[in-house]
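As a plain string of letters, each chain reads:
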Amino acid sequence: MGSLVNPCFWRGKKVFITGHTGFKGSWLCLWLNHMGAEVTGYSLQPPTSPSMFNVCHVNRIVKSIIADIRDYQQLQSSMHASNCDIVIHMAAQPLVRDSYKNPVETYAINVMGTVHVLEAARSTRGIKAIVNVTTDKCYENKEWVWGYRENEALGGYDPYSSSKACSELVTSSYRQSFFSDTYIATARAGNVIGGGDWAPDRLVPDCIRAFETGRPVRIRNPHSIRPWQHVLEPLHGYLALAQELYEKGAEFANSWNFGPNDDDAKPVEWIVRQLCHNYGNEAVYQIDPGPHPHEATYLRLDCSQAKARLGWNPQWNLDQALGKVVEWFRAYYKDNKDMNDVCIQQINDYMRELR
C-alpha cells in the first residue's frame, strides 16, 4: 500500500505550479483539479505540438499564465496574485541533448529560474510548502549497481544534470538562509513515461512517432539502464510530500527520491521491444550507431526514505505502466476519445490502487 493522496486535503488549496504546460505539469494540473484544488500555472507555451496541455484543454481548468521564469518581476507579481498555499516548481529545460546545444539557456532556466521561484516565494505571504522538482541525474554518477541515496554527492557530467545539481544547492541554501515558516523539499525522479508526452529525444515519444508513421524506431543506447516509471508515480510522491510539508513542516524539508522498484530498472532495448509488442502495427526497431553525446549508462535510485517516512510506494509495475501508455496513445490516435476523460480515468485507476 502507498500513502493515500488525500482529496480532502487538496480541496480548496491554492497551488502555484511552474511548468504547467509541460507533460508532467499538465498531468499534475488535471489531478489537482480533479481533487478540487485551485491551480495557477506559470510557464512558457507548450513545448511540443501536439501537447498534453492542448489535447486535454488544461487551460480550461487552471488559471494559466504564459510567461518566463527568467522574468523575475512577472513571476513575483503572478505568485503574489495567486495567494497560493503551496508551490510546486517544475519549469525546466529538461533535455540532456538540448543542454549540449544550449548550455547558457539551460543554466539560466534551471539555476536562476530556481532562484527566481524561491525569491518570489520569499516575498509572498501565506506559502507553507514548496516542492522543487529536480532529477535523478543530479547525482555524481559513478555507474554503481546499487541505488543512489539522498545523501550521496551531487554532480553532473552534462550541462542539464549539472544545472539540476546546482538547483539542489540553491534550494538548500535558501532553506537554511531565508525560510522559517515555509518548508521546502526537493524531489528527484527518474525517467518518466506516460500518455501525452511528445517531447523530442525521449524514448517513448520517439517510439510512438515511429509507430504512427510506419518507420522503424532508432535507438541510441540500447543497453543503458534507466529507472522507468509512469508519470503518476512521481506526481503521487510530490503530492504526498507537499501534504506532509504543509501539515508537519521541517521534518520533511529535505531531499527525496521517487523511483521504481529495482525490477523495473530496465535497458532501453527491453522497453522498445515491449512497446513494439504492445502497440502492434508491425512496429520494429533498429540500433542507431551514432556518434552520440555522453549519457550515463547506469542509474538507479534508492527510495527507502520515501517508502519508510512518506509511506510512498510505486503502484504500477513497468508492464502496467507501458500498458497505460499504449492505452492512452491508442485512445488519441485510433479511437478519437476525449483525452481529458482518458486521463481522469487513469488517475482514478491509480488512486484505486492506493486505496
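Above this text is the structure in question.
Let me begin by describing the structure that accompanies this report. Fair warning: this is a prediction, and the values are worked out from it, not measured in the lab.

**Comments concerning the packing of helix α8 (residues 203-213) against helix α10 (residues 268-279)**
At step 1: Axis separation between α8 and α10 bottoms out at 11 Å; the angle between their running directions is 35°. Of the two elements, α8 crosses α10, and the hand of that crossing is right-handed. Residue-level contacts link Leu203, Val204, Cys207, Ile208, Phe211 and Glu212 of α8 to Val268, Ile271, Val272, Leu275, Cys276 and Tyr279 of α10.
At step 2: Of the residues that constitute the contact of α8 with α10, the class distribution is 11 nonpolar, no polar and one charged.

**What about the packing of aromatic side chains?**
At step 1: Overall, the coordinates contain 20 aromatic pairs when judged by the stated rule.
At step 2: An angle of 65° between the planes, with centres 5.2 Å apart, marks the rings of Trp198 and Tyr332 as edge-to-face. Here Tyr332 lies in helix α12 (residues 318-333) and Trp198 lies in the loop between β7 (192-193) and α8, a separation of 134 residues in the sequence.
At step 3: Residue classification places Tyr332 among the partly exposed residues on the basis of a relative accessible area of 26%.
At step 4: Ring plane angle 75° and centroid distance 6.1 Å describe the contact between Tyr238 and Phe258, whose orientation is recorded as edge-to-face. Within this pair, whereas Tyr238 is found in helix α9 (residues 232-248), its partner Phe258 is found in strand β11 (residues 255-258), the two being separated by 20 residues in sequence. By the burial criterion, Tyr238 is buried, and Phe258 matches it.

**Brief notes about the nonpolar core**
At step 1: By size, the foremost hydrophobic cluster in this structure holds 87 residues, and its most contacted members are Trp10, Trp27, Trp31, Leu32 and Trp328.
At step 2: Counting 23 residues, the second largest nonpolar core, distinct from the first, contains Ala67, Val111, Ala120 and Tyr174.

**Brief notes about α12**
At step 1: Between its first and last C-alpha atoms α12 spans 22 Å; for 16 residues at 1.5 Å apiece the expected length is 22 Å, and the two agree.
At step 2: Every buried residue belonging to α12 is among Leu318, Ala321, Leu322, Lys324, Val325, Val326, Trp328, Phe329 and Ala331, and all of these are buried.
At step 3: At the N-terminal end of α12, a side-chain oxygen is found 3.1 Å from the backbone nitrogen of Asp319, two or three residues along, and the residue is Asn317.

Cut-offs used in this document
- Residues numbered from 1 in each chain as written.
- Predicted model: local features only at pLDDT ≥ 70, side-chain atom pairs only at ≥ 80, totals over all residues.
- Heavy atoms only, no water.
- Axes fitted to C-alpha atoms, helices over the stretch in contact; angles between N-to-C directions.
- Helix = DSSP H or I, 4+ residues; strand = E, 2+ residues; numbered from the N terminus.
- Left-handed = near helix turned anticlockwise from the far one by under 90°.
- Contact = heavy atoms within 4.5 Å.
- Nonpolar A, V, L, I, M, F, W, Y, C, P; charged D, E, K, R; others polar.
- Phe/Tyr/Trp six-rings, centres within 6.5 Å; stacked < 30°, edge-to-face > 60°.
- Buried < 20%, exposed > 50% of the residue type's maximum accessible area, 1.4 Å probe, protein only.
- Core = buried A, V, L, I, M, F, W, Y, C linked by side-chain atoms within 4.5 Å.
- Expected span 1.5 Å × (residues − 1).
- Polar contact = N/O pair within 3.5 Å; in protein donor to acceptor, adjacent residues only side chain to side chain.

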